[in-house]
Amino acid sequence: MSSIFTKIVEGEIPARVVYEDETTMAFLDANPLAPGHTLVVPKAEYERLNDVPPDVAADLYATLHELVPAVEEAVDADATTVAFNNGEAAGQEVPHVHGHIVPRFEGDGGGPIHAIAPGSPDLSDDELDGIADEIESRA
Ligand code: 5GP
């Protein structure tokens, strides 16, 4: 079954589309965390960032790069939080990759991205070295 975002891409359900090109689209979030909260998606349906082919990933980043200042200027934001919930355990509800651009304002009461975790794990230097090696060997 098509995701809700594929239905938006295909014009089956309405959305406030703010940008579109051959491979990507951006539209306002239906339940905004702030005025101007925008979602950027690849038109083709990929569940997670890991599934997006490199050329589409580059297009997606290019669209984010263009939309972030456009959104900030449009709503006179002081900053933006730009984030992906990448997988269900991270809070992803719609299984179609989407980047959130959430406008931020001085004193808006929101937290930084660090607020997603209840605390920092206590890792030894050896553990940190091991994790860094594991990541480096796969990158
Ligand atoms: P997630 O939790 O998957 O990262 O975020 C999904 C986002 O999609 C939510 O912020 C939610 O408000 C938004 N959303 C869900 N359904 C629709 C819809 O039909 N139209 C639009 N424009 N946004 C939607």
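Residues numbered from 1 in each chain as written. Predicted model: local features only at pLDDT ≥ 70, side-chain atom pairs only at ≥ 80, totals over all residues. Heavy atoms only, no water.

Asker: Break down the pairing of strand β1 (residues 17-20) for me, citing the residues and quoting the values.
Answerer: Across three bridges, the pairing between β1 and strand β2 (residues 24-28) is antiparallel. Within β2, the residue paired with Y19 across the bridge is A26. Counting the residues between successive antiparallel strands, the hairpin from β1 to β2 contains three residues. (Pairing = 2+ DSSP bridges. Helix = DSSP H or I, 4+ residues; strand = E, 2+ residues; numbered from the N terminus.)

Asker: Now, about the side chain of D29: what can you tell me, with residues and values included?
Answerer: Looking at the element boundaries, D29 is found in the loop between β2 and β3 (38-42). Lacking a salt bridge, the buried D29 has R16 as its closest oppositely charged neighbour, with an N-O distance of 10 Å. Of note is the side chain of D29, whose polar atom sits 2.8 Å from the backbone nitrogen of N31. Sequence-distant contacts of D29, defined by excluding residues within four places in its chain, comprise H37, T38, L39 and H100. (Buried < 20%, exposed > 50% of the residue type's maximum accessible area, 1.4 Å probe, protein only. Lys, Arg positive; Asp, Glu negative; His and termini not counted. Salt bridge = Lys/Arg side-chain N within 4 Å of Asp/Glu carboxyl O. Polar contact = N/O pair within 3.5 Å; in protein donor to acceptor, adjacent residues only side chain to side chain. Contact = heavy atoms within 4.5 Å.)

Asker: So what's going on with the layout of surface pockets? Residues and values would help.
Answerer: In this structure, the largest pocket spans a volume of roughly 900 Å³. Put simply, the parts of the chain that give the lining of the largest pocket at least two residues each are α1 (4-9), β2, β4 (79-83) and β5 (99-104). It is β5 that contributes the most residues to the lining of the largest pocket, four residues altogether. A breakdown of the residues in the lining of the largest pocket according to their chemical character gives 23 nonpolar, twelve polar and five charged. (1 Å grid on protein atoms, 1.4 Å probe; cavity = no way out; pocket = protein on both sides within 12 Å on 5 of 7 lines; lining within 4 Å. Points joined across faces, edges and corners; volume = space filled by probe spheres on them. Nonpolar A, V, L, I, M, F, W, Y, C, P; charged D, E, K, R; others polar.)

Asker: I'd like a rundown of the packing of aromatic side chains, residues and numbers included.
Answerer: As enumerated under the stated definition, the model contains one aromatic pair in all. Each ring, one from F5 and one from F27, has its centre 5.3 Å from the other, and the planes form 65°; the classification is edge-to-face. Residue F5 is located in helix α1, and its partner F27 is located in strand β2; the two are separated by 22 residues in the primary sequence. Here F5 and F27 have matching classes, each one buried. (Phe/Tyr/Trp six-rings, centres within 6.5 Å; stacked < 30°, edge-to-face > 60°.)

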